[in-house]
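# Descriptive analysis of the structure
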Amino acid sequence: MDLQLHGTTALVTGAGSGIGRAVALALAAEGVRVALLDRDEDALSETAAACPGSSVHVADVTDEAQVDAALGSLDRLDAVVCCAGISGPVGAGIEDITLAQWNAVFAVNVTGPFLVLRRVLPALRAAGTASVVLLSSDSAFVASPGMAPYCSSKGAVAQFARALSVDLARDGIRVNTVAPSVVDTPMSRGDLGDAALDAPDFPVQTADEVAAHVAYLVSPRSRAVNGTTLLSDFGYTARSGFPA
Ligand SMILES: NC(=O)c1ccc[n+]([C@@H]2O[C@H](COP(=O)([O-])OP(=O)(O)OC[C@H]3O[C@@H](n4cnc5c(N)ncnc54)[C@H](O)[C@@H]3O)[C@@H](O)[C@H]2O)c1
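Predicted, not measured: the structure shown is a model, and the values here were computed from it.

Here the focus is the overall build of the protein. Within the protein, the regular secondary structure consists of 8 helices and 9 strands. Expressed as a percentage of the 244 residues in the protein, the buried residues total 45%. Partitioning the contacts of the protein with sequence separation of at least 6, the portion at a separation of at least 24 is 68%.

A word on the nonpolar core. Ranked by size, the top nonpolar core spans 71 residues in total, and within it Ala10, Val12, Val23, Leu27, Val80 and Val81 carry the most contacts. Among the elements that line this core, the one with the most residues is helix H4 (residues 99-126), at 9 residues. Discounting residues that sit within four places of it in the chain, Ala10 has contacts with Leu27, Val32, Val34, Leu77, Asp78, Ala79, Val80, Val81 and Val218.

Further remarks concern the packing of H4 against helix H5 (residues 148-168). Where H4 contacts H5, the axes come no closer than 9 Å and their chain directions differ by 20°. With respect to each other, H4 and H5 are oriented roughly parallel. Handedness of the crossing formed by H4 with H5: right-handed. Residue-level inspection shows Gln101, Trp102, Val105, Phe106, Asn109, Val110 and Pro113 of H4 in contact with H5, the latter providing Pro149, Tyr150, Ser153, Lys154, Ala156, Val157 and Phe160.

Time to look at the site of the ligand. Neighbouring residues of the ligand: 28 residues in total, closest Gly14, Gly16, Gly18, Gly85 and Thr185. Contributing elements (two or more residues each) for the shell around the ligand: helix H1 (18-29), H4 and helix H6 (186-192). Of the residues that constitute the shell around the ligand, the class distribution is 13 nonpolar, 11 polar and 4 charged.

Checked against the element boundaries, Gln101 lands in helix H4. Judged by the 13 C-beta atoms lying within 10 Å of it, Gln101 is partly exposed. If sequence neighbours within four positions are ignored, Gln101 has contacts with Gly88, Pro89 and Pro149.

It is worth spelling out the pairing of strand S3 (residues 55-58) at this point. As defined by bridge partners, strand S2 (residues 33-38) adjoins S3 across 4 bridges and the pair is classed as parallel. Considered in S3, the bridge of Ala35 is made with Ser55. Handedness of the crossover is the feature at issue here: the chain leaves S2, passes through helix H2 (residues 41-49), returns alongside S3, and the resulting connection is right-handed.

What follows covers the sheet that holds S2. Strand order in the open sheet made by the 7 strands is S3-S2-S1-S4-S5-S6-S9, with parallel pairing throughout. One side of each edge strand has no neighbouring strand; the edge strands of this open sheet are S3 and strand S9 (229-232). When strand polarity is set aside, the average angle formed by the axes of neighbouring strands in this sheet is 15°. Here 5 bridges tie strand S1 (residues 9-13) to S2, and the two strands are oriented parallel to one another. The partner of Thr13 across the bridge, within S2, is Leu37. Here helix H8 (residues 207-218) sits on the sheet in contact with S1, strand S4 (79-82), strand S5 (130-135), strand S6 (173-180) and S9, set at roughly 165° to S6.

At their nearest, the axes of H1 and H8 sit 8 Å apart, and the two run at 55° to each other. Compared by their axis directions, H1 and H8 come out oblique. Once H1 is placed against H8, the crossing between them reads as right-handed. Two secondary-structure elements touch here, H1 through Gly18, Ile19, Ala22, Val23, Ala26 and Leu27 and H8 through Ala207, Asp208, Val210, Ala211, Ala212, Val214, Ala215 and Val218. In terms of residue class, the contact of H1 with H8 is made up of 12 nonpolar, 1 polar and 1 charged.

What counts, and where the lines are drawn
Residues numbered from 1 in each chain as written. Predicted model: local features only at pLDDT ≥ 70, side-chain atom pairs only at ≥ 80, totals over all residues. Helix = DSSP H or I, 4+ residues; strand = E, 2+ residues; numbered from the N terminus. Buried ≥ 20, exposed ≤ 12 C-beta atoms within 10 Å, placed from the backbone. Contact = placed C-beta atoms within 7 Å. Core = buried A, V, L, I, M, F, W, Y, C linked by C-beta atoms within 7 Å. Axes fitted to C-alpha atoms, helices over the stretch in contact; angles between N-to-C directions. Parallel < 35°, antiparallel > 145°, perpendicular 65-115°, else oblique. Left-handed = near helix turned anticlockwise from the far one by under 90°. Near = placed C-beta within 6 Å. Nonpolar A, V, L, I, M, F, W, Y, C, P; charged D, E, K, R; others polar. Pairing = 2+ DSSP bridges. Right-handed = clockwise from strand over helix to strand, strands pointing away.

Keep in mind these numbers describe shape, not what the thing actually does.
What follows is the structure, encoded as structure tokens:
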């Protein structure tokens, strides 16, 4: 299927690693000119080398001045995909989590997309019709023990996207979220360990598979899809607690 993305432009945050990098490569392969943002300049350069015609924007998404300076040159965007994120403390109850740790997770995962989208709204409006995809998580709907800040932040991301989809509909801008369960990336390997991810029955998907979901939501093929969450969790949340 032709996703009808050729010749369009997209900003991808968190493009230096994992899902963000896979999204950048997938969109570039569809003929999208990608603007790549990350705080890790070296990692970003590696992604850029694999994306012809891309531009590089180094910024910490929690820093308003850096975001504004890094994205000031973008005057037209057909899509924005916000992948920059951190997991924060893993395996800790809230009595063991500092306020600084809690705030750091919300700063990157929730405030980051707010700052980025606020800065590029004029560029999205300039495109006439546009699509925004935010990376939420199945952790917005179900919780693993010891990840309260991350789960809470991903719930906030899903609702932020829903609220934006209502506010921006009149501008022709769609806003959706993708909510995968565990994806094989440096983040999940760091949190869960190689043994868990490499176990034969562990339900894990690749960053490329998530990138394909994102590419569909970015594309005009999904033009009727707005304000929703694509939950890709191998059907886990569909199962009733009924013991059968
Ligand atoms: N890996 C998973 O299992 C999984 C599952 C569901 C959702 N997600 C979400 O997908 C997104 C991408 O995760 P990933 O697994 O690819 O992680 P990753 O650690 O591989 O990549 C995250 C990227 O974001 C960048 N980044 C982090 N903080 C930043 C900041 N303040 N400013 C700018 N860049 C910053 C990092 O430098 C890195 O390049 C995250 O939002 C994550 O919560 C991941």
